[in-house]
Structure formats: C-alpha cells, structure tokens
Amino acid sequence: MGLLNTVIGAVFGQYNSPILEVRVRDLLFDGIRICQSSGLIVGIVCSQIRAIGANSNNLVIQDDGSVVFSLLSYKELPSKVYKVHRGINDPEDLGRIISFNGSSHFDYWVDDNEMDGNETTASVCNMINGTDSGIFNPFISRDKPLYAINTDICRQVPCYPLSISSIQFEYRR
C-alpha cells in the first residue's frame, strides 16, 4: 500500500484524499491540475490519463505535461454528427436521435457476451434512445419519461416532466 499511496499522491498532488477541498470555481470552471510530478510509475499512469484526455472535453493537457480537469469548462473538439428524426411521419419521434457519429449505438460499455468473443446486439448501456435535450416531442406526459442523451457519460438519462405548462424536469432513480 505504501507504493500505491505514493503514486496516488504524485499523480493527484494536493487532491489525493477521498474528501476534496477545492474552490467551487476551480472544480467547475478553472480546473484542478493533476499529473505534475515525474517518475516511472507516475509517468505510466499519467500517460494513460493523457490518452483519455485527448478525446475528452473536460481534460486539457497543458504544455508542461500536466492535466487540468474541470466539470463545466469544455475544450473545443470537433462536433460529432447526429442523425435526428424530424417528426414528419410521427410527431412523437421529433428530435429522437437515430445515430451518433455514424453509429446506432455507443460502443463504450463492454457487454459480457462481447468479452467472450460472441457478436451480440448492443447492450442496454450502449443504447441511443432519446434526444439531445434541445427539443422534445409535443405530446409529453408526466407519467412517461423523456430520455436525453448525454455524450459526456455516453448514456441516456431519463427525465420526468414535473409540470407540463412550464416544462421543468427531475431525475428519478
């Protein structure tokens, strides 16, 4: 455990405890800096973080090799292509995403059957079912969830209308 604690401390610096004390502005907008130290194992771990950060909107690799993470400050990446229903034949399909970046499902979540080498249909976690939350169909109901696609977490998120007249939503588990 001593080596692991040392590596965690070197990778995350002052942010290496389970309880994070940081300014809200830093966490949301300015970012918190990690991977500032050097060393063989730290370099391996940080290279993996940098590889993930290359395709992530909220991890920015700095000139000195460190990485800055923030929740709401996104870097500009090329936009992905959405194919969306226009609702011409069925108004309830208005805004529903047909495909994202040329695929009818996400490919981020590993299915147990895919690990065995068997080709199967996309798992429930990889389903694209919903809108980008910019537009919903005109026939919403309080009892039926509206699904919004969140590409940052590669999942669909169910939203339940609280009020039809003012369109306020809540997330239910």
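Residues numbered from 1 in each chain as written. Predicted model: local features only at pLDDT ≥ 70, side-chain atom pairs only at ≥ 80, totals over all residues. Heavy atoms only, no water.

Under an unreviewed UniProt entry, the name given to the protein chain is Sensory neuron membrane protein 2, and the source organism is Iphiclides podalirius. Checking UniProt for the protein chain, the heading Sequence similarities (unreviewed entry) contains the comment "Belongs to the CD36 family." The annotation that UniProt attaches to the protein chain under Subcellular location (unreviewed entry) is "Cell membrane". (UniProt positions renumbered as here; feature names shortened; annotations may be inferred.)

## Considerations on the overall build of the protein chain
If you tally the helices and strands in the protein chain, you get four helices and eight strands. Each helix and strand of the protein chain, ordered N terminal to C terminal, gives the series α-α-β-α-β-β-β-β-α-β-β-β. Considering the protein chain as a whole, with its 173 residues, one finds that 27% of them fall into the buried category. Counting only contacts in the protein chain whose residues sit at least 6 apart along the sequence, the fraction spanning at least 24 positions is 37%. Put simply, the protein chain shows about 12100 Å² of open surface, and 53% of that area lies on carbon and sulfur atoms. (Helix = DSSP H or I, 4+ residues; strand = E, 2+ residues; numbered from the N terminus. Buried < 20%, exposed > 50% of the residue type's maximum accessible area, 1.4 Å probe, protein only. Contact = heavy atoms within 4.5 Å. Areas by Shrake-Rupley, 256 points an atom, 1.4 Å probe, with all protein chains shown as cover.)

## Details of the packing of helix H1 (residues 2-12) against helix H3 (residues 40-53)
Running from amino to carboxyl end, H1 crosses H3 at an angle of 55°, the nearest separation of the two axes being 10 Å. Our classification of the angle between H1 and H3 gives oblique. The chirality of how H1 crosses H3 is right-handed. Note on element contacts: H3 touches H1 through Ile41, Val42, Val45, Cys46 and Ile49, opposite Leu3, Val7, Ala10 and Val11. Among the residues making up the contact of H1 with H3, the classes are represented as nine nonpolar, no polar and no charged. (Axes fitted to C-alpha atoms, helices over the stretch in contact; angles between N-to-C directions. Parallel < 35°, antiparallel > 145°, perpendicular 65-115°, else oblique. Left-handed = near helix turned anticlockwise from the far one by under 90°. Nonpolar A, V, L, I, M, F, W, Y, C, P; charged D, E, K, R; others polar.)

## Some points on the nonpolar core
Within soluble globular proteins, side chains that are nonpolar generally end up buried alongside one another. Counting residues in each nonpolar core, the largest one holds ten residues, listed as Val7, Ala10, Val11, Ile34, Cys35, Val42, Cys46, Ile49, Leu59 and Val67. Mapped onto this core, the elements with two or more residues apiece are H1 and H3. Setting aside chain neighbours within four positions, we find Ala10 in contact with Ser37 and Val42. Counting residues in each nonpolar core, the second largest holds six residues, with Ile97, Phe100, Ile128 and Ile149 among its members. (Core = buried A, V, L, I, M, F, W, Y, C linked by side-chain atoms within 4.5 Å.)

## With respect to the state of the cysteines
In protein chemistry, a disulfide is the covalent bond that joins the sulfur atoms of two cysteines. Counted under the stated rule, the structure contains one disulfide. Across the disulfide from Cys35 sits Cys46; the S-S distance is 2.3 Å. Measuring handedness by torsion sign, the sulfur bridge of Cys35 and Cys46 sits at about -95° and is left-handed. Within this pair, whereas Cys35 is found in the loop between strand E1 (32-34) and H3, its partner Cys46 is found in helix H3, the two being separated by eleven residues in sequence. Here Cys35 falls in the buried class, since its relative accessible area comes to 3%. (Disulfide = S-S within 2.5 Å.)

## Section: the environment of Gly43
Tracing the chain through its elements places Gly43 in helix H3. For the pair formed by Gly43 and Gly65, sequence separation is 22 residues and the distance between their alpha carbons is 10.0 Å.

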